[in-house]
Each structure stands twice: as C-alpha cells, then as structure tokens.
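Per-entry structural report
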Amino acid sequence: MTETPNLIYIKELAAGSDTFEQKLISIIKREFPEEKKEFLTNYKSKSFTKAAENVHKLKHKIGMLGFESGYQVAIDFEEGLKENNPALFAEFMLILESIENFLKTI
C-alpha cells in the first residue's frame with residue numbers, strides 16, 4: 001500500500017477554520033475505533049451483510065483521510081461482502097491499520 005492518511009481534504013473542507021477542522025478530526029477519532037470494532041465483530045461472525053454496512057460507513061472516513069485507491073478498495077470490498085466474497089479483507093485491514101496509527105499522531 002503506497003497511500004498514507006493525510007488531512008488535505010479535511011483542511012479543504014474547513015476552509016481555514018481551525019475550529020471546524022478540529023471538530024471533524026474529533027468526530028473521526030471518536031467514531032473510527034467504534035466502527036472498526038463493529039466491523040471486525042460482524043466480519044468474524046461471518047455476518048457479511050452487516051460487515052458491508054460497516055465498510056460503507058468506514059469508506060467515507062477513508063476518503064476524508066486522503067485515500068483515493070483505498071476508497072475504491074472499500075467500495076469493492078463492500079460490494080464483495082454483499083456477495084459473500086471477503087477477498088479484499090487483508091487489503092482493507094491495511095488501510096484501517098494505517099488510519100488507526102495516523103489518528104494516534106494527530
């Protein structure tokens with residue numbers, strides 16, 4: 001994986017408002033671990049339809065944190081899960097781990 005998380009999109013959305021930027025970051029930092037945990041619970045129990053719903057929520061954060069090809073992986077993984085095909089799990093997990101590590105630094 002060559003992409004790394006960044007705040008470029010969030011800074012663009014904030015348009016110079018540090019308060020808004022910090023609010024977005026705070027929401028992501030609060031919601032991401034919960035959504036990842038719920039995804040893993042559903043995935044491990046082979047509830048792929050529910051896991052696809054979790055991926056749907058997570059993909060928006062993936063996009064906001066600067067992943068372009070990672071966003072596409074999330075879309076493809078979500079669709080795969082809906083068809084009981086978890087083939088992109090490892091690649092998706094690398095993205096989530098990268099985000100998790102990044103969130104610890106901001």
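Topic: the environment of Pro5
- Looking at the element boundaries, Pro5 is found in the segment before helix H1 (8-14).
- Overall, Pro5 belongs to the buried group, its relative accessible area being 11%.

Observations concerning the packing of helix H3 (residues 48-64) against helix H5 (residues 89-103)
- Remark: H3 packs on H5, axes separated minimally by 11 Å, with the N-to-C direction vectors making an angle of 55°. In terms of their interaxial angle, H3 and H5 are classed as oblique. In this structure, H3 meets H5 at a crossing whose hand is left-handed. Within the contact between the two elements, H3 uses Val55, Leu58 and Ile62 and H5 uses Phe92, Ile95, Leu96 and Ile99.
- When the residues that make up the contact of H3 with H5 are grouped by side-chain class, the tally is 7 nonpolar, no polar and no charged.

Observations concerning the nonpolar core
- Among the nonpolar cores identified, the biggest contains 29 residues, and Ile10, Phe39, Ile62, Leu81, Phe92, Leu96 and Ile99 are the most heavily contacted of them.
- Excluding its chain neighbours within four sequence positions, the residues that come into contact with Leu81 are Phe39, Tyr43, Phe48, Ala51, Ala52, Val55 and Pro86.

Thoughts on the environment of Phe67
- Turning to its location among the elements, Phe67 is positioned in the loop between H3 and helix H4 (69-82).
- A residue is classified by how much of its surface remains accessible, and Phe67, at 2% relative accessible area, is buried.
- Linking Phe67 and Phe20, residues 47 residues apart in sequence, is a C-alpha distance of 21 Å.

Digging into the packing of H3 against H4
- Where H3 contacts H4, the axes come no closer than 8 Å and their chain directions differ by 170°. Here H4 runs roughly antiparallel to H3, going by the angle between their axes. Side by side, H3 and H4 meet where Phe48, Ala51, Ala52, Val55, His56, Lys59, His60, Ile62 and Gly63 of the first sit next to Gly70, Tyr71, Ala74, Ile75, Phe77, Glu78, Leu81 and Lys82 of the second.
- Of the residues in the contact of H3 with H4, the class split is 10 nonpolar, 4 polar and 3 charged.

So, how was this worked out
Residues numbered from 1 in each chain as written. Predicted model: local features only at pLDDT ≥ 70, side-chain atom pairs only at ≥ 80, totals over all residues. Heavy atoms only, no water. Helix = DSSP H or I, 4+ residues; strand = E, 2+ residues; numbered from the N terminus. Buried < 20%, exposed > 50% of the residue type's maximum accessible area, 1.4 Å probe, protein only. Axes fitted to C-alpha atoms, helices over the stretch in contact; angles between N-to-C directions. Parallel < 35°, antiparallel > 145°, perpendicular 65-115°, else oblique. Left-handed = near helix turned anticlockwise from the far one by under 90°. Contact = heavy atoms within 4.5 Å. Nonpolar A, V, L, I, M, F, W, Y, C, P; charged D, E, K, R; others polar. Core = buried A, V, L, I, M, F, W, Y, C linked by side-chain atoms within 4.5 Å.

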